[in-house]
Amino acid sequence: DRNPVYKKLKILERITTPERVVIFRVPWKDDHGEVQTNIGYRVGFNSSLGPYKGGLRFHSSVNLSIMKCLAFEQIFKNALTGLPIGGGKGGSDFDPRGKTDLEIMSFCQSFMTELYRHIGPETDIPAGDIGVSTREIGYLFGQYKRITNTFNGVITGKGLSWGGSFLRPEATGYGLVYFVEEMLGTIKDGVADKIVAVSGFGNVAWGAVKKVNELGGKVVTLSGPDGFIYDPEGVTGEKIDYMLTMRINGHDLVQEYADKFKVAFYPNSRPWGVKCDIALPCATQGELLEEDALSLLKNNVKCVAEGANIPCSNEAVKLFIKSNILFAPGKAANAGGVACSALEMGQNAGRTHWSKMEIDSRLKSTMSNIHQLCSDIAAAYNAPGNYVVGANIAAFIKVADAMIDQGLV
Ligand code: GLU
């Protein structure tokens, strides 16, 4: 309403239409010599701020609708980082659970044999997401290099010795906790001595748990598709490393943690009934619903920050905002991962490698800038303290203005 030009130039209609969508067949052979067929996707949603950027998800739930939704979210997340990256997402309905190394390589090579023609370091730069980490990135990159005869920064999340960046695996979780620290800072508080409920046990949860420990907080839950574990002593030390082992095990069962460390396991339930000061949903979309928000609020949660993409339902978000607790939407709070990916692109383009300290300080200042931007814009649009309004409007304006500058394309 404040900018009638957006309406006049039909920005809403244009911004909600993907620039491109690629769907392709991915045939591969399993270890028994059987032919398998999966579907591959890559959505290039918006390139007004830079080449398409966003992860690849390998999970049985992947379909076009989810890909478009996540790519749309990625446009605005990437805009908030202030780095020159557009928004995209991709993946496959391939389920890595229980697959052997050889099967995963075979799938990744076939996937890239089609994808390579649609991506490039100046066009579209994929990365990891659920089911895609350094191992898969390695197989994908290897096949890209082989087909195109180029060694470049076409994909991020690479291994440290072959073009990857320090702290990329940690960046999403670290950035999330830096953002939480910023939010708590506004009420002269911090993560130290806080009880934290985390969901998931993958890459984002792992980074978040490490950083919460470093800052003196205590993480008491983790979760998986099978349920959640409650560890009143805190997820610390070798237990954090065990999160990586659980991932390598490939069973996707958090019960393995409960069995190993003799703590309580609650099958088929979510961790949001546990008493905590901070809740960090780090698993997947739609994992924190209205009833969970009510339990958290009843237990006096102070701060909820989305480590996953769109983990809280709209009803849950409404409740958090109405109750005036600190609530951070994922597009702001989990932007540290993709921000570090953009730093990896910068290092690759400059054929250089920055130190861990350099990356950490850039990550910290990026999260602090996002926090400031969201606060400022929320206040300017009559919703002080509302990070949802702040993030959405700040990101929208950035993308919409760039679209206008670049004309009808
Ligand atoms: N998959 C991550 C996200 O949702 C990272 C994307 C990237 O690094 O490109 O933001």
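Below or above, wherever it landed, is the structure these notes cover. Every value quoted in this text rests on a predicted model; they were computed, and no experiment measured them. (Residues numbered from 1 in each chain as written. Predicted model: local features only at pLDDT ≥ 70, side-chain atom pairs only at ≥ 80, totals over all residues. Heavy atoms only, no water.)

Further remarks concern the environment of R135. Along the chain, R135 turns up in helix α5 (residues 134-148). For R135, a relative accessible area of 37% puts it in the partly exposed group. Between the alpha carbons of R135 and S92 there is a distance of 16 Å; along the sequence they are 43 residues apart. Non-local contacts of R135, meaning those with residues more than four positions away in its chain, are made with D101 and I104. A polar side-chain atom of R135 sits 3.1 Å from a polar atom in the side chain of E136. (Helix = DSSP H or I, 4+ residues; strand = E, 2+ residues; numbered from the N terminus. Buried < 20%, exposed > 50% of the residue type's maximum accessible area, 1.4 Å probe, protein only. Contact = heavy atoms within 4.5 Å. Polar contact = N/O pair within 3.5 Å; in protein donor to acceptor, adjacent residues only side chain to side chain.)

On to the sheet that holds strand β9 (residues 264-267). Here seven strands make up an open sheet; going across it, the order is β9-β8-β7-β6-β10-β11-β12 and the pairing mixed. Either end of the sheet is taken by a strand with one partner, and the two such strands are β9 and β12 (326-328). For this sheet the average axis-to-axis angle between neighbouring strands, irrespective of direction, equals 15 degrees. Note: strand β7 (residues 218-224) against strand β8 (residues 227-230), four bridges, orientation antiparallel. In the strand pairing of β8, S223 is matched with F228. (Pairing = 2+ DSSP bridges. Axes fitted to C-alpha atoms, helices over the stretch in contact; angles between N-to-C directions.)

Right, let's get into the site of the ligand. Neighbouring residues of the ligand: 13 residues in total, closest K53, K77, G128, D129 and S341. At 3.3 Å from an oxygen atom of the ligand is found a side-chain nitrogen or oxygen belonging to K89. Interatomic distance of 3.0 Å between a side-chain N/O atom of N309 and an oxygen atom of the ligand. In isolation the ligand offers 290 Å² of accessible surface; the protein chains occlude 94% of this area. Among the elements that line the shell around the ligand, the one with the most residues is strand β3 (residues 52-58), at three residues. Here the shell around the ligand is built from residues that sort into two nonpolar, six polar and five charged. (Near = heavy atom within 4 Å. Areas by Shrake-Rupley, 256 points an atom, 1.4 Å probe, with all protein chains shown as cover. Nonpolar A, V, L, I, M, F, W, Y, C, P; charged D, E, K, R; others polar.)

Further remarks concern the nonpolar core. Counting residues in each nonpolar core, the largest one holds 73 residues, and the members touching the most others are M243 and L280. Broken down by element, the residue count for this core peaks at nine residues, all from helix α6 (residues 168-185). If we ignore the near neighbours within four places in the chain, the residues touching M243 are F201, A205, W206, V209, L222 and V235. Of all hydrophobic cores here, the second largest spans 22 residues; its members include F24, W28, L56 and I119. (Core = buried A, V, L, I, M, F, W, Y, C linked by side-chain atoms within 4.5 Å.)

So, on to helix α11 (residues 314-322). Along α11, the residues that are buried comprise A316, V317, L319 and F320. Around the axis of α11, the buried residues are gathered within 160 degrees of arc, so they sit on the same side. For α11, the exposed residues set more than 90 degrees away from the buried face come down to N314, K318 and K322. Buried residues along α11 sit in contact with α10 (290-298), β11 (303-305), β12 and α15 (387-405). Following α11 by one or two positions, N324 has its phi on the positive side, about 65 degrees. (Arc of directions from axis to C-beta.)

All right, on to the side chain of N38 then. For N38, the position within the fold is in strand β2 (residues 35-46). Within the structure, N38 has its side chain in polar contact with the side chain of D93 (distance 3.0 Å). With residues near it in sequence (within four places) discarded, N38 still touches F24, R25, V26, W28, S92, D93, F94 and F107.

Counted under the stated rule, the structure contains 18 salt bridges. When the shortest N-O distance is used, the salt bridge between E73 and K331 registers 3.6 Å. Of this pair, E73 sits in helix α3 (residues 64-81) while K331 sits in helix α12 (residues 330-333), and the two are 258 residues apart along the sequence. K331 carries the same exposure label as E73, and that label is buried. Here E170 and K210 are joined by a salt bridge, their closest N and O atoms 3.6 Å apart. On the criterion of sequence distance, the pair formed by E170 in helix α6 and K210 in helix α7 (residues 203-214) is long-range, its members being 40 residues apart. Exposure remark for K210: the relative accessible area of 26% places this residue in the partly exposed category. Sharing partners across several salt bridges, the network here consists of R57, K89 and D129. (Salt bridge = Lys/Arg side-chain N within 4 Å of Asp/Glu carboxyl O.)

Another aspect to go through is a nonpolar patch on the surface. Together, V21, I23 and I39 make up an exposed nonpolar region whose accessible area comes to about 220 Å². Structurally, the position occupied by V21 is in strand β1 (residues 20-29). (Patch = residues over 30% accessible without salt bridge, like charges linked within 9 Å, V, L, I, M, F, W, Y side chains within 5 Å.)

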